[in-house]
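Okay, here's what each chain looks like letter by letter:
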Amino acid sequence: MAVIFRKRLYLSKTKEKEDMRKESSGGSIVLQDDPRLGMQQWSGPRAFNNRYEPWESDSNHNQASNQMSSPINKTDRWEFPRHRLKFFNILGEGAFGQVWKCEATELNDKEGLSIVAVKTLKENANEKERSDLISELQVMKMLEPHPNVVRLLGCCTEKEPIFLIMEYVTKGKLQSYLRNSRAERYYNNMHGQSKSLTSRDLTSFVYQVAKGMDYLSINGIIHRDLAARNVLITEDHVCKVADFGFARDVIASHVYERKSEGRLPIRWMAPESLYDNIFSVKSDVWSFGILMWEVVTLGSTPYPGMSAAEVMKKVRDGYRLDKPEHCRRELYNIMYYCWDKDAKQRPSFAECVELLEKLLMTETDYIELERFPDHSYYNMVSLSGEKL
Ligand code: AMP
């Protein structure tokens, strides 16, 4: 109920200048200093003999479930009987959620078995994480299938734990895929094979993400956490925008007011999001520029060597990520355009698609991977609770 009510509230709010509004409390960001964040030991359900062990015996969770699952229509077309899901292994997990590889029997009129990915919460998840999963589901339900957006296949919400069933994307996160490709590149250089990623592959990855984001923005959705860690990739190099836990439907107001602050993806955030809590399609465009930089540097952490606090200050003062030496100006210009201080001056996703399409139509290598300096870019680990 709360989610829907909140949504109605946004819809009824008046439209202010351009696509934006400020949060009335004007809360600024407090960097969390808890090193345990993101390193918690998982003590939730485990897959023994392919069986998922639910935790519905816990009465607290049942209570919470009654409150949280109430907005969901139990008879909707997305509901899937949970006994037809067989859990295999965990594909990944965060502090409060997990994604499992599962087999679904007769899903969406498809005969036989389908391999799917199922997102759920761990037992230690609190109300905030639970409502994020429910909003993720609500947002995904609004979308028609698009090749560059991860597709919802169904859900189980009639009792705890809630399951969000989505298409299984074979190669997982784009961020890890890019990082792993560095070793491949090194190996191939030594052995003269040519299986490693090309400039064209990388340009096509960002082009596809722009297409997925264009589709979301047309549908009035802001993602708020666009980064290479939240894009999935298939064996055939199809990129799909995923992770709608923070996405919001802002179709009428075009803006989102952040109420509370969890772990923040500081290095991907536009200055107006960092300092004024303003989120819009144009702050997603800023994040897209950072994602382009991640792709060009094969998954490096943006602003390598700088602390989150330094990034915030320097970005506010006009500092921008440098052009990687192995990246041609034409491609860098697009990301730089996404980082205009004035959100209105940034391109739309449709324009990003157009600009990248033009580059893909030429034969030029915009990313000269043979010049990629492995030593200059690296992956940072989060010590301050920052989302990386
Ligand atoms: P998340 O909690 O959404 O960041 O997902 C955790 C991990 O699960 C990621 O590292 C992905 O590799 C994996 N994952 C998430 N969704 C899918 C999916 N639809 N298909 C395959 N793997 C996925």
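Here the structure is a predicted model, which is why all the values come from computation and not from measurement.

### Focus on the side chain of S280
Position of S280 relative to the elements: it lies in the loop between β11 (278-279) and α7 (281-296). Residue S280 is classed as buried on the basis of its relative accessible area of 1%.

### Describing the UniProt feature "binding site: ATP" (unreviewed entry) in the protein
Here the UniProt feature "binding site: ATP" (unreviewed entry) sits at K119. Its place among the elements puts K119 in strand β3 (residues 113-121). Excluding its chain neighbours within four sequence positions, the residues that come into contact with K119 are Q98, V99, L133, E136, I162, F163, L164, M166 and D243.

### Notes on the packing of α7 against helix α9 (residues 329-338)
Two numbers describe how α7 lies on α9: the axes approach to 7 Å, and their chain directions differ by 150 degrees. Put simply, α7 runs roughly antiparallel to α9. Here α7 runs over α9; the crossing is left-handed. Listed contacts from α9 to V285, W286, F288, G289, M292, W293 and V296 of α7 are L331, I334, M335 and C338. Of the residues belonging to the contact of α7 with α9, the class tally is 10 nonpolar, one polar and no charged.

### A few points about the packing of aromatic side chains
Within this structure, the stated rule accounts for six aromatic pairs. The interplanar angle of 75 degrees and the centroid separation of 5.8 Å between the aromatic rings of F288 and F349 together place this pair among those described as edge-to-face. Of this pair, F288 sits in helix α7 while F349 sits in helix α10 (residues 349-360), placing them 61 residues apart in sequence. Look at F288 and you get buried, because its relative accessible area is 0%.

### Looking at the site of the ligand
Neighbouring the ligand are 14 residues, the closest being K119, E167, V169, K173 and D243. K119 places a side-chain nitrogen or oxygen 3.3 Å from an oxygen atom of the ligand. At a separation of 2.8 Å, a nitrogen atom of the ligand approaches a polar backbone atom of E167. Out of a free accessible area of 470 Å², the ligand has 84% covered by protein chains. Tallied by class, residues from the shell around the ligand come to eight nonpolar, two polar and four charged.

### Remarks on the sheet that holds strand β1 (residues 85-93)
Pairing is antiparallel across the open sheet formed by five strands, whose spatial order is β1-β2-β3-β5-β4. Unpaired on one side and paired on the other, β1 and β4 (152-156) mark the two borders of the sheet. With direction set aside, neighbouring strand axes in the sheet form an average angle of 30 degrees. Of the pairings in the sheet, the one linking strand β2 (residues 97-105) to β3 comprises nine bridges and is antiparallel in character. Along β3, the bridge assignment pairs C102 with V116. The sheet contacts of helix α3 (residues 127-141) involve β3, β4 and β5 (163-167), and relative to β3 the element is tilted by about 140 degrees.

What counts, and where the lines are drawn
- Every chain is numbered on its own, with residues counted from 1 as its sequence reads.
- In view of the model being predicted, local features appear only for residues whose pLDDT reaches at least 70, and side-chain atom pairs are presented and counted only at 80 or more, with totals across whole chains, interfaces and linings using the full set of residues.
- Note that the side-chain values use all heavy atoms of the structure and ignore hydrogens as well as water.
- Think of it this way: any DSSP run of H or I at least four residues long counts as a helix, any run of E at least two long counts as a strand, and we number them from the N terminus.
- Partly exposed residues are those whose accessible area sits between 20% and 50% of the maximum for their type, while under 20% is buried and over 50% is exposed, using a 1.4 Å probe and protein chains only.
- UniProt positions are given in the numbering used here, feature names are shortened, and annotations may be inferred rather than shown by experiment.
- It only takes one pair of heavy atoms within 4.5 Å for two residues to be counted as in contact.
- All axes are obtained by fitting lines to C-alpha atoms, using only the stretch in contact for helices, and the reported angles, taken between N-to-C directions, cover 0 to 180 degrees.
- Here roughly perpendicular refers to angles of 65 to 115 degrees, roughly parallel to angles under 35, roughly antiparallel to angles over 145, and oblique to all remaining angles.
- The sense of a crossing depends on the near helix, which, turned anticlockwise from the far helix by less than a right angle, makes the crossing left-handed and, turned clockwise, makes it right-handed.
- Residue polarity is assigned by list, with Asp, Glu, Lys and Arg as charged and Ala, Val, Leu, Ile, Met, Phe, Trp, Tyr, Cys and Pro as nonpolar; anything else, Gly included, falls into the polar class.
- Pairing of aromatic side chains here covers Phe, Tyr and the six-membered ring of Trp, requires ring centres within 6.5 Å, and sorts the geometry by plane angle: under 30 degrees stacked, over 60 edge-to-face, intermediate tilted.
- Think of it this way: one heavy atom of a residue within 4 Å of a molecule or strand is enough to make that residue near it.
- Polar contacts, as counted here, are pairs of nitrogen or oxygen atoms within 3.5 Å of one another; within protein the pair requires one atom able to donate a hydrogen and one able to accept it, and residues that are adjacent in sequence qualify only if both atoms are side-chain atoms.
- Per-residue and other accessible areas follow the Shrake-Rupley method at a 1.4 Å probe size, with only the shown protein chains counted as cover for residues.
- Any two strands with at least two DSSP bridges between them are considered paired.

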